[in-house]
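Chains, contacts and geometry: an overview
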Amino acid sequence: SRTNRLLSKHASLIAQSFKNVKFTPEKIKTILTGMPIRKAILDIRNKPYPKLGPKDKFQILVLGGSQGAKVFSDVVPSVIKSFDKKTQKQIKIIQQCREADIKDVKKAYKGAEAEVVLSHFFNNMPELYSTSHLIISRAGASSVSEILAVGIPSILVPLPTAADNHQTYNAQDVVEAKGGMILAQKDFNDKNLSQLLKDLMKDPKKLSTMAANAKKAGITDAAVRFADAIEKDILK
């Protein structure tokens, strides 16, 4: 982030991944290109939002980003176990944990009726994206770009130590699109998460609308936009 700010002063064109960008030099031309997304992720964009009927499990994907998220490991199991047994049985949790935390997180879920899958790394992200009804995630640039492109309702918890608070600005694109919400880490507690999950599970229509809003805001041709911008800048 600070490197970008330093070098941007010498650029003739700045390509931006998001609308909400701080510290962009005023006199330098900018263009919104979005962030290039893997083909394997884009290939699932046309899949419909997963069905959520009375007999379907509500699948929640929990991702902590490259630095992991101990707060997710602390709060999510507690919230799931606070639900009544019938509600727990309707939930499937797929959760990324720091490798050192998996044993403790597994213990935290002990006794829960929900279906729980824990790992420090998932190599089937397209499949997980396409089958999840909700994602709880950090708000790194790649994560937010993929969440929008695929169209997944989200609860985004920006990393509070991120340089210049950039994850919060990333997440604002999702909120402005009405495809998800921001929950500051200081507010990511049992009470708030429990209420959010209960409200969303009772409202499949709202979830479907959020998914459609996110997908509509997603940028899927970032590489083409970027290449075209460079060509035009060189030939001007």
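The coordinates are above.
Residues numbered from 1 in each chain as written. Predicted model: local features only at pLDDT ≥ 70, side-chain atom pairs only at ≥ 80, totals over all residues. Heavy atoms only, no water.

1. A few points about the nonpolar core
For clarity, the threshold we go by: Residue types Ala, Val, Leu, Ile, Met, Phe, Trp, Tyr and Cys, when buried and joined through side-chain atoms within 4.5 Å, form a set referred to as a nonpolar core. Only protein chains enter the area calculation, which uses a 1.4 Å probe; residues under 20% of their type maximum are buried, those over 50% are exposed, and those in between are partly exposed.
Among the nonpolar cores identified, the biggest contains 34 residues, and Phe72, Val76, Ile80, Ile155, Phe188, Leu193 and Leu197 are the most heavily contacted of them. Counting residues in each nonpolar core, the second largest holds 23 residues, with Leu61, Ile94, Leu156 and Val174 among its members.

2. A closer look at the pattern of salt bridges
The following threshold applies: By definition here, a salt bridge exists when the distance from a side-chain nitrogen of Lys or Arg to a carboxyl oxygen of Asp or Glu is within 4 Å.
Under the criterion given, the structure shown has nine salt bridges. Here Asp43 and Lys39 are joined by a salt bridge, their closest N and O atoms 3.0 Å apart. The partner of Asp187 in a salt bridge is Lys186, and the shortest N-O contact between them spans 3.3 Å. On the accessibility criterion, Asp187 (29% relative accessible area) is partly exposed. For Lys186, a relative accessible area of 71% gives the class exposed. In this structure, a network of salt bridges that share partners links the residues Lys57, Lys92 and Glu115.

3. Concerning the side chain of Arg138
The following threshold applies: Each helix corresponds to a stretch of at least 4 residues labelled H or I by DSSP, and each strand to a stretch of at least 2 residues labelled E; elements are numbered beginning at the N terminus. This count recognises Lys and Arg as positive and Asp and Glu as negative, with His and chain-terminal groups excluded. Polar contacts here mean pairs of N or O atoms no more than 3.5 Å apart (in protein, one a potential hydrogen donor and the other a potential acceptor; neighbouring residues in sequence count only if both atoms are side-chain atoms).
Note that Arg138 resides in the loop between β6 (134–137) and α7 (141–150). Although Arg138 is buried, it forms no salt bridge, and the closest oppositely charged side chain is Asp74 at an N-O distance of 9.6 Å. Within the local environment of Arg138, its side chain forms a polar contact with the side chain of Gln185, the two groups lying 2.8 Å apart.

4. Things to note about the pairing of strand β1 (residues 13–16)
Rules: For two strands to be treated as a pair, DSSP must find no fewer than two bridges joining them.
Alternating positions in β1 separate cleanly, Ile14 and Gln16 being buried on one face and Leu13 and Ala15 remaining unburied on the opposite face. When β1 meets strand β2 (residues 29–32), the two strands line up parallel, connected through four bridges. Within the sheet, the bridge partner assigned to Ala15 lies in β2 and is Ile31.

5. Things to note about the side chain of Gln59
Defined as follows: Note on contacts: a residue pair is in contact if any heavy atoms of the two residues lie within 4.5 Å.
Inspection of the secondary structure puts Gln59 in strand β3 (residues 58–63). On the accessibility criterion, Gln59 (8% relative accessible area) is buried. Among residues more than four places away in sequence, those in contact with Gln59 are Lys92, Ile94, Leu128, Thr131, Ser132, His133 and Leu134.

6. Here we look at the packing of aromatic side chains
This is how it is decided: For this analysis, a ring pair means two rings from Phe, Tyr or Trp (six-membered ring only for Trp) whose centres lie within 6.5 Å, classed as stacked if their planes differ by under 30 degrees, edge-to-face if by over 60, and tilted for the remaining angles.
Inspection of the entire model under this criterion finds one aromatic pair. On the numbers, 5.2 Å between centres and 50° between planes, the contact of Phe72 with Phe188 is tilted. Of this pair, Phe72 sits in helix α3 (residues 70–82) while Phe188 sits in the loop between β8 (180–182) and α9 (190–201); the two residues are 116 residues apart in sequence, bridging distant segments of the chain. When sorted by exposure, Phe72 lands in the same class as Phe188, which is buried.

7. Topic: helix α10 (residues 204–217)
So the rule is basically this: Expected helix span is taken as 1.5 Å per residue step, with the number of steps being one fewer than the number of residues. Along the arc lie the directions from the helix axis toward the C-beta atoms.
A rise of 1.5 Å per residue sets the reference length of α10, with its 14 residues, at 20 Å; its end C-alpha atoms lie 20 Å apart and thus fit the reference within 8%. The set of residues buried in α10 consists of Leu207, Met210, Ala211, Asn213 and Ala214. All buried residues of α10 project into a common sector of 165° when viewed along the axis, lining one side. Looking at α10, the residues exposed on the side facing more than 90 degrees away from the buried face are Lys205 and Lys216.

8. Observations regarding the sheet that holds β3
Rules: Orientation is described by axes fitted as lines to C-alpha atoms, over the contacting stretch for helices, and by angles from 0 to 180 degrees between their N-to-C directions.
On the basis of which strands lie adjacent, the open sheet formed by six strands has the order β5-β4-β3-β6-β7-β8 and parallel pairing. The open sheet has two edge strands, β5 (115–119) and β8, and neither has a second partner. Along the sheet, successive strands turn relative to each other by an average axial angle of 15°, direction set aside. Bridge count between β3 and β6: four bridges; the pairing is parallel. Bridging across to β6, Ile60 finds its partner in Leu134. Of the strands in this sheet, β3, β4 (91–96) and β6 are in contact with α3, which crosses β4 at around 170°. Here helix α5 (residues 102–109) sits on the sheet in contact with β4 and β5, set at roughly 170° to β5.

9. Remarks on a nonpolar patch on the surface
Applicable threshold: Note that patches include only residues with greater than 30% relative accessible area and no salt bridge, and the join distances are 9 Å for like charges and 5 Å for nonpolar side chains (Val, Leu, Ile, Met, Phe, Trp, Tyr). Here the open area of atoms and residues is found with the Shrake-Rupley method and a 1.4 Å probe, where only the protein chains shown may cover a residue.
Together, Phe226, Ile230 and Ile234 line one region of the surface with nonpolar side chains, adding up to about 300 Å² of accessible area. With respect to the secondary-structure elements, Phe226 resides in helix α11 (residues 222–235).

10. Let's talk about the environment of Lys81
Looking at where Lys81 falls in the secondary structure, it is placed in helix α3. Distance in space between the C-alpha atoms of Lys81 and Pro36 is 38 Å, their sequence separation being 45 residues. For Lys81, the contacting residues outside a window of four places in its chain are Gln88, Ala108, Tyr109, Lys110 and Ala112.

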